[in-house]
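For reference, the chains in residue letters:
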Amino acid sequence: MPTLHPRITAKLDPSLHATLEGLIPLTYENGARPEHDLPAYVRAASAVRRLGRQLVIVQDDVNAVAIYDFEGSTVISMMLPRGPGSRRMFDDVIGNKHDKLDLEALALLPDERLVAFGSGATPAREKIVVASRREPVSLRNASALYRSFHAEPAFSGSELNIEGAVVYGHELLLFQRGNGAVGGAEEPVNAIGAMELDGFVRWLDGHGPAPRLSAVTPFDLGTIDGSVLGFTDAAATPDGRIAILACAEDSPNALTDGPVLGCRFGYLHPGGELRVTDILEGGRPTRLKLEGIECQPGKAHLFDVVADRDLPLQPALLGRLRVSE
């Protein structure tokens, strides 16, 4: 059984300010690639990590990873294996949304391997993608790992929906978004689950059983216009804190998109305090669903963020988040 820590309640901090700026559409340098079932743009950016001069961006409804190169301001694609029906795109219009990997979280390991996690909201989404500069990208069934998440209701709540993954010291932290529907006696929950990083790496390399969570911390992130805020991503900062994103979405469960009512940024301090603020865009609270965040090198107050517009015919956005306190 993991250690269950006391619930942490987010505190709105009037001295903390977060401004979204410099938004650009994420379009591929080489346009659409019909032979690969790939559109001309990143459709649903859901997590981001920096590797050298590049940002690696995963999508929740396309089997392709996008790579943004700062030097040339270009976006290229790295293909993932095709899904059922030989498709790489998944949505309600095509009629295959239930087949999508729903990659929502991305961790950069100390050996520079990138691991993308499916949300776990359905069995089809209990997969991980592993990529590195040294070996081809691979898609792996991780149902044994996800069983260990489901086994901890303090973490998974009524519907598992992993939205963030951060390497923090000797631990891998997973961020559960509490936007699920009530199920029986279980309520949706926002939580951070911690597992030993070495144990995760051993399992990833085929040298041990699927690790279990060692600790779970539940969170009360507050509400906006009656809708509960839920984690959408997180990133470690150079000063030892964790930057978090949380969005309020008017949706009935973890599988259905809805209108975004607001998005907040916060700093989680090592002692457990979580200070948050509304993210402003043009002086007003943003209505974009920010789903990915990463620190700019050596800076604890400037971040790269990606927004998923939940519109298959429009590109996802890349922007900067400037924070002051």
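What you are looking at is a predicted structure, and each value in this text was computed from that prediction instead of being measured. (Residues numbered from 1 in each chain as written. Predicted model: local features only at pLDDT ≥ 70, side-chain atom pairs only at ≥ 80, totals over all residues. Heavy atoms only, no water.)

J.: Could you give an account of the environment of L55, with specific residues and numbers?
T.: If you trace the backbone, L55 turns up in strand β6 (residues 54–59). Along the backbone, L55 and V166 are 111 residues apart, and their C-alpha atoms lie at a distance of 15 Å. Setting aside chain neighbours within four positions, we find L55 in contact with V48, R49, R50, A66, I67, Y68, F70, D304 and L318. (Helix = DSSP H or I, 4+ residues; strand = E, 2+ residues; numbered from the N terminus. Contact = heavy atoms within 4.5 Å.)

J.: Describe the nonpolar core, naming the residues involved and giving the relevant values.
T.: Residues F117, F149 and F200 are the most contacted members of the largest nonpolar core, which totals 26 residues. Residue assignment for this core shows that the elements contributing at least two residues are β9 (103–108), β10 (114–118), β11 (127–131), α1 (143–150), β13 (162–168), β14 (171–176), β15 (190–196) and α3 (197–204). A per-element tally of this core places α3 first, with four residues. Residues within four places of F149 in sequence aside, it is in contact with F155, S156, L160, I162, L174, M195 and L213. (Core = buried A, V, L, I, M, F, W, Y, C linked by side-chain atoms within 4.5 Å. Buried < 20%, exposed > 50% of the residue type's maximum accessible area, 1.4 Å probe, protein only.)

J.: Describe unusual backbone geometry, and please don't skip the residues or the numbers.
T.: Of note, the phi angle at D37 is positive, near 55°, even though the residue is not glycine. Tracing the backbone shows D37 in the loop between β4 (17–25) and β5 (45–51). We classify D37 as buried; its relative accessible area is 11%. Positive phi, close to 70°, is recorded for E112, a residue that is not glycine. With respect to the helices, strands and loops of the structure, E112 is situated in the loop between β9 and β10.

J.: Which residues make up the side chain of D91, and what are the values?
T.: Here D91 lies in the loop between β8 (74–79) and β9. What makes D91 buried here is its relative accessible area of 8%. Among the polar contacts listed, one links the side chain of D91 to the backbone nitrogen of V93, at a separation of 3.0 Å. Ignoring sequence-local partners within four residues, the contact set of D91 consists of R43, N96, K97 and P312. (Polar contact = N/O pair within 3.5 Å; in protein donor to acceptor, adjacent residues only side chain to side chain.)

J.: Any chance you could break down the sheet that holds β10 for me, citing the residues and the numbers?
T.: What the four strands build is an open sheet, ordered β9-β10-β11-β12; its pairing is antiparallel. What marks the edges here is a single partner per strand, and that holds for β9 and β12 (138–141). The sheet shows a mean angle of 25° between the axes of neighbouring strands, taken without regard to direction. Relative to β10, β9 runs antiparallel, the two being bridged by five bridges. By the bridge assignment for β10, A107 is matched with V115. (Pairing = 2+ DSSP bridges. Axes fitted to C-alpha atoms, helices over the stretch in contact; angles between N-to-C directions.)

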